[in-house]
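Read off the chains here:
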Amino acid sequence: MTVKFMTVKGSENLGRAPFYVGIPQHERTMSRREAYEHIAAATGYTPTAVRAVFMAAAEYVRENQRRGNITYLDGVASIRNYVRGAFEGLAGPWVKGRNVLMVKAVEMEPFKSILAAVVPLNRTEGAKPAINTVLDETTLVYDVITGTDVFSIAGADLAPDTTKGDEYVALVSAQGVETKAEITFSDLQNVKAQLASALPAGEYTLKVYTRSGLGDRFGVHVATRKVMVA
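Values in this document were obtained by computation on a predicted structure and should not be read as measured data.

Visitor: Explain the pairing of strand 4 (residues 77-84) here, please?
Guide: A regular strand places its side chains so that they alternate between the two faces of the sheet. As paired elements, strand 3 (residues 71-73) and strand 4 share 3 bridges and run antiparallel to each other. Bridge pairing links Thr71 to Ile79 in strand 4. The turn joining strand 3 and strand 4, which pair antiparallel and follow one another in sequence, is formed by 3 residues; a positive phi near 75° is taken by Gly75. In this sheet, strand 5 (residues 100-107) lies alongside strand 4 in antiparallel orientation, the contact comprising 8 bridges. Across the sheet, residue Arg80 finds its bridge partner in strand 5, namely Lys104.

Rendered as structure tokens:
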């Protein structure tokens, strides 16, 4: 197991001497379906049963928080309500849109320290997304995408987060028209995607927009490669 992180300068408002904080780099983002299937494989339950448990837990938390309670998930987290947004004075008032009631989880043992023994690898030189190869998984031809075939993008520091609207895979025509592809798998070394409908044949620029698993504090970078569409 190798966990990677980067160090970034902390807020200067907190002290005169500079300090640095670590930002983990996540290997990949799983969709809900992938997470259910992963847990099912590890536990022996069906993905449907795993999904039902998660849905029931979510409803339990939702109802508890509605009542103003603290929800305890033994060995994982306590879930509490908190208020976000500043007030004009001691008496408020509550301004809808500026003041929001939120929910946050406070981790508990043993979940809290489950990775305490792991020493991560410092990657402070920065993430540099790059595309090394593009393979059509049906024809097994490199750098040529046929129709709506699934194509595999191999490289480094990829891992576009499919939950973010500005992280995605697209093909750009010579006229600058960008067509997004659906991502079916995404990690730092490999991304699988396919087009919803076939594009006109010709040369395109394949683009992967990504934060390389480093989260919202980092800007989106773009890795590119010239490919043909058949």
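Visitor: In this structure, what is going on with helix 2 (residues 47-66)? I would like to understand it.
Guide: Note on helix geometry: an α-helix contains 3.6 residues per turn, so any two residues three or four positions apart are oriented the same way. Its 20 residues give helix 2 an end-to-end C-alpha distance of 29 Å, which sits within 8% of 28 Å, the value for a rise of 1.5 Å per residue. Contacts from the buried residues of helix 2 go to helix 1 (32-43), strand 3, strand 4 and strand 5. Remark: Gly68 follows helix 2 within two positions and exhibits a positive phi of approximately 80°.

Visitor: What is the right way to read the nonpolar core from this model?
Guide: Nonpolar side chains in soluble globular proteins tend to be buried together. The biggest cluster of nonpolar side chains holds 20 residues, and the ones touching the most others in it are Ile131, Phe151, Ile153, Val169, Leu171 and Leu206. Ranked by size, the runner-up nonpolar core spans 6 residues in total, among them Met6, Val8, Ile23 and Ala127.

Visitor: Please clarify how the packing of aromatic side chains should be interpreted in this entry.
Guide: Applying the stated criterion across every chain yields a total of 3 aromatic pairs. Ring geometry for Tyr168 and Tyr209: centres 4.4 Å apart, planes at 25°, overall stacked. Within this pair, whereas Tyr168 is found in strand 10 (residues 168-172), its partner Tyr209 is found in strand 13 (residues 202-210), the two being separated by 41 residues in sequence. The exposure classification of Tyr168 matches that of Tyr209, with both residues buried.

Visitor: Would you mind showing me how to read the sheet that holds strand 14 (residues 221-229) here?
Guide: Taken in spatial order, the 8 strands make up an open sheet running 7-9-12-11-10-13-14-8, and their pairing is mixed. Two strands lie at the open edges of the sheet, namely strand 7 (130-136) and strand 8 (144-145), each paired on one side alone. Where strand 10 meets strand 11 (residues 178-186), 4 bridges bridge the pair, whose relative direction is antiparallel. By the bridge assignment for strand 11, Ala170 is matched with Lys180.

Each value, and the rule that gives it
- The residue numbering used here restarts from 1 in each chain and proceeds along that chain's sequence as written.
- A pLDDT threshold of at least 70 governs which residues receive local features in this predicted model, and a stricter bar of 80 or more applies before side-chain atom pairs are shown or counted, although totals over entire chains, interfaces and linings include all residues.
- Side-chain calculation: all heavy atoms of the structure are included, whereas hydrogens and water are not.
- Following DSSP output, two strands are said to pair if at least two bridges run between them.
- Runs of H or I in DSSP of at least four residues are treated as helices and runs of E of at least two as strands, each being numbered from the N terminus.
- Under the convention used throughout, the expected extent of a helix is 1.5 Å for every residue step, that is, one less than its residue count.
- Working rule for contacts: check all heavy atoms of both residues, and any pair within 4.5 Å makes them a contact.
- Residues belong to one nonpolar core when they are buried, are Ala, Val, Leu, Ile, Met, Phe, Trp, Tyr or Cys, and are joined through side-chain atoms within 4.5 Å.
- Each residue's exposure class comes from its accessible area (1.4 Å probe, protein chains only) as a fraction of the maximum for that residue type: buried when under 20%, exposed when over 50%, partly exposed otherwise.
- Ring geometry is summarised as follows: Phe, Tyr and Trp rings, the Trp one being its six-membered ring, pair when their centres sit within 6.5 Å, and such pairs are stacked at plane angles under 30 degrees, edge-to-face over 60 and tilted between the two.

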